[in-house]
Amino acid sequence: LASISAERLPIATIIPRAWIGFRKAPWSFIGLTALMLISLMGLGVIARDLQLSSNRFLHYAGDFVLVIAVLIPLAPLLALLQLADEHLPGGLESDPKQPTARRRFLWLLKQTCGLVVLEVLIGIGGISSIRLLSQFLAPHSGVLASLVIVLGGVGIAIWMIGQLLSVPLLIHHGYRPLRAMEHSRKLVQANRLKVMALLGLLLGINLLGLMAASLGLLFSLPFSALLLMASCRTQTSWRSESRRNMLPT
């Protein structure tokens, strides 16, 4: 815990690092982002049309396609984050002992799917617990029931913010899901103000992307991926080698 608590997010250098990384392969970033958006929106439209059908079979098929629409974009999203990690300044050099790119991607995809499943189950469990407790308290005290909903919602929001860096850490360090979740939680806890600044930066960039007839997302989403992966290159206080790597090279 002490070593993780000593890590600091390099919030002052992530923007120049992200720009350097984007300039190395702009069309690769844009292409992966387009593939992710096309698969997400295309399958989403199909799922909505099927769900609007009066046929029960088609309605269930729409629910299935909706689940697929959430899962399939994970592959290009993971490829986008991995590409960002490789092109950022100070990226890891290729090691002949490391698995091939294809095997590593498949391993990362499996671990990422496991992490997403864990996060979804925890979220569903938390929401269900809040709902059951509020329903139990509602006949006795509406104030207590409302308080449970508010506090529970705040708790879930804090948990979600704490997991902001779990997938980037999994990719950057090659973690298993539980270790990535724990590292992200402790890292966010030790850098609360910097994480809030990072969240504001990500929201602002993608809002600008949405304002440009959504075509700006082709640029804002890759830049967001680069910012997240740059945040994983943490600095440790009072280490000279860390201070030398603060600025992009």
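Scroll up to find the structure this text is about.
Below, the structure is looked at part by part. (Residues numbered from 1 in each chain as written. Predicted model: local features only at pLDDT ≥ 70, side-chain atom pairs only at ≥ 80, totals over all residues. Heavy atoms only, no water.)

Comments concerning the overall build of the protein chain
Here is step 1 of the chain: The number of helices and strands found in the protein chain is 12 helices and two strands.
Here is step 2 of the chain: Reading the secondary structure of the protein chain in the N-to-C direction produces α-β-α-α-α-α-α-α-α-α-α-α-β-α.
Here is step 3 of the chain: Taking all 249 residues of the protein chain together, 37% fall into the buried category.
Here is step 4 of the chain: Contacts in the protein chain between residues at least 24 apart in sequence constitute 73% of all its contacts with a sequence separation of at least 6. (Helix = DSSP H or I, 4+ residues; strand = E, 2+ residues; numbered from the N terminus. Buried < 20%, exposed > 50% of the residue type's maximum accessible area, 1.4 Å probe, protein only. Contact = heavy atoms within 4.5 Å.)

Here's the deal with the nonpolar core
Here is step 1 of the chain: Core analysis: the largest hydrophobic core is formed by 37 residues, its most contacted members being Phe29, Leu165, Ile171, Leu226 and Leu227.
Here is step 2 of the chain: Among the secondary structure elements, those contributing two or more residues to this core are helix 2 (14-24), helix 3 (26-51), helix 5 (74-87), helix 6 (101-137), helix 8 (166-173), helix 9 (177-190), helix 10 (192-211) and helix 11 (217-231).
Here is step 3 of the chain: Among the elements that make up this core, the one with the highest residue count is helix 11 (seven residues).
Here is step 4 of the chain: When neighbours within four sequence positions are excluded, Phe29 is seen to be in contact with Gly21, Phe22, Leu80, Leu83, Ala84, His87, Pro222 and Leu226. (Core = buried A, V, L, I, M, F, W, Y, C linked by side-chain atoms within 4.5 Å.)

A look at a nonpolar patch on the surface
Here is step 1 of the chain: Side chains of Leu144, Leu147 and Leu151 sit close together on the surface and give an oily, nonpolar patch of about 280 Å² of accessible area.
Here is step 2 of the chain: Examined against the element boundaries, Leu151 turns out to sit in helix 7 (residues 142-162). (Patch = residues over 30% accessible without salt bridge, like charges linked within 9 Å, V, L, I, M, F, W, Y side chains within 5 Å. Areas by Shrake-Rupley, 256 points an atom, 1.4 Å probe, with all protein chains shown as cover. Salt bridge = Lys/Arg side-chain N within 4 Å of Asp/Glu carboxyl O.)

Description of the layout of surface pockets
Here is step 1 of the chain: By volume, the largest pocket amounts to about 1200 Å³.
Here is step 2 of the chain: Elements represented by at least two residues in the lining of the largest pocket include exactly helix 3, helix 4 (56-71), helix 5, helix 6, helix 7, helix 8, helix 10 and helix 11.
Here is step 3 of the chain: Broken down by element, the residue count for the lining of the largest pocket peaks at six residues, all from helix 6.
Here is step 4 of the chain: Looking at side-chain class alone, the lining of the largest pocket contains 27 nonpolar, six polar and one charged residues. (1 Å grid on protein atoms, 1.4 Å probe; cavity = no way out; pocket = protein on both sides within 12 Å on 5 of 7 lines; lining within 4 Å. Points joined across faces, edges and corners; volume = space filled by probe spheres on them. Nonpolar A, V, L, I, M, F, W, Y, C, P; charged D, E, K, R; others polar.)

Points about the pattern of salt bridges
Here is step 1 of the chain: This structure, assessed with the given rule, holds three salt bridges.
Here is step 2 of the chain: Residue Glu182 is joined to Lys186 by a salt bridge in which the shortest nitrogen-to-oxygen separation is 3.4 Å. One end of the pair, Glu182, and the other, Lys186, are both in helix 9, four residues apart, so they sit about a helical turn from each other.
Here is step 3 of the chain: You can call Glu182 partly exposed: its relative accessible area is 33%.
Here is step 4 of the chain: The exposure class of Lys186 is buried, given its relative accessible area of 18%.
Here is step 5 of the chain: Among the charged side chains, a salt-bridge network with shared partners connects Glu182, Arg185 and Lys186.

Side note on the environment of Gln135
Here is step 1 of the chain: Mapped onto the elements of the fold, Gln135 is located in helix 6.
Here is step 2 of the chain: Along the sequence, Gln135 and Ser146 sit 11 residues apart, while their C-alpha atoms lie 9.9 Å from each other.

A short note on the packing of aromatic side chains
Here is step 1 of the chain: Here the structure, examined in full by the defined rule, presents two aromatic pairs.
Here is step 2 of the chain: The interplanar angle of 25° and the centroid separation of 6.3 Å between the aromatic rings of Trp19 and Phe22 together place this pair among those described as stacked. Note that Trp19 and Phe22 are positioned in helix 2 at a spacing of three residues, about one turn of the helix.
Here is step 3 of the chain: On the basis of relative accessible area, Phe22 is assigned to the buried category, the value being 10%.
Here is step 4 of the chain: Site record: aromatic cluster; members linked through ring pairs are Trp19, Phe22 and Phe29. (Phe/Tyr/Trp six-rings, centres within 6.5 Å; stacked < 30°, edge-to-face > 60°.)

Here we look at the environment of Arg185
Here is step 1 of the chain: Structurally, Arg185 is set in helix 9.
Here is step 2 of the chain: Along the sequence, Arg185 and Leu164 sit 21 residues apart, while their C-alpha atoms lie 8.3 Å from each other.
Here is step 3 of the chain: Arg185 has contacts with Trp159, Gly162 and Gln163, leaving out every residue within four places of it along the chain.

Quick word on the packing of helix 5 against helix 11
Here is step 1 of the chain: With their axes 9 Å apart at the nearest point, helix 5 and helix 11 run at an angle of 60° to one another. For the element pair helix 5 / helix 11, the angle class is oblique. Viewed along their axes, helix 5 and helix 11 form a crossing whose handedness is right-handed. Listed contacts from helix 11 to Leu80, Leu81, Ala84 and Asp85 of helix 5 are Leu221, Pro222, Ala225, Leu226 and Met229.
Here is step 2 of the chain: When the residues that make up the contact of helix 5 with helix 11 are grouped by side-chain class, the tally is eight nonpolar, no polar and one charged. (Axes fitted to C-alpha atoms, helices over the stretch in contact; angles between N-to-C directions. Parallel < 35°, antiparallel > 145°, perpendicular 65-115°, else oblique. Left-handed = near helix turned anticlockwise from the far one by under 90°.)

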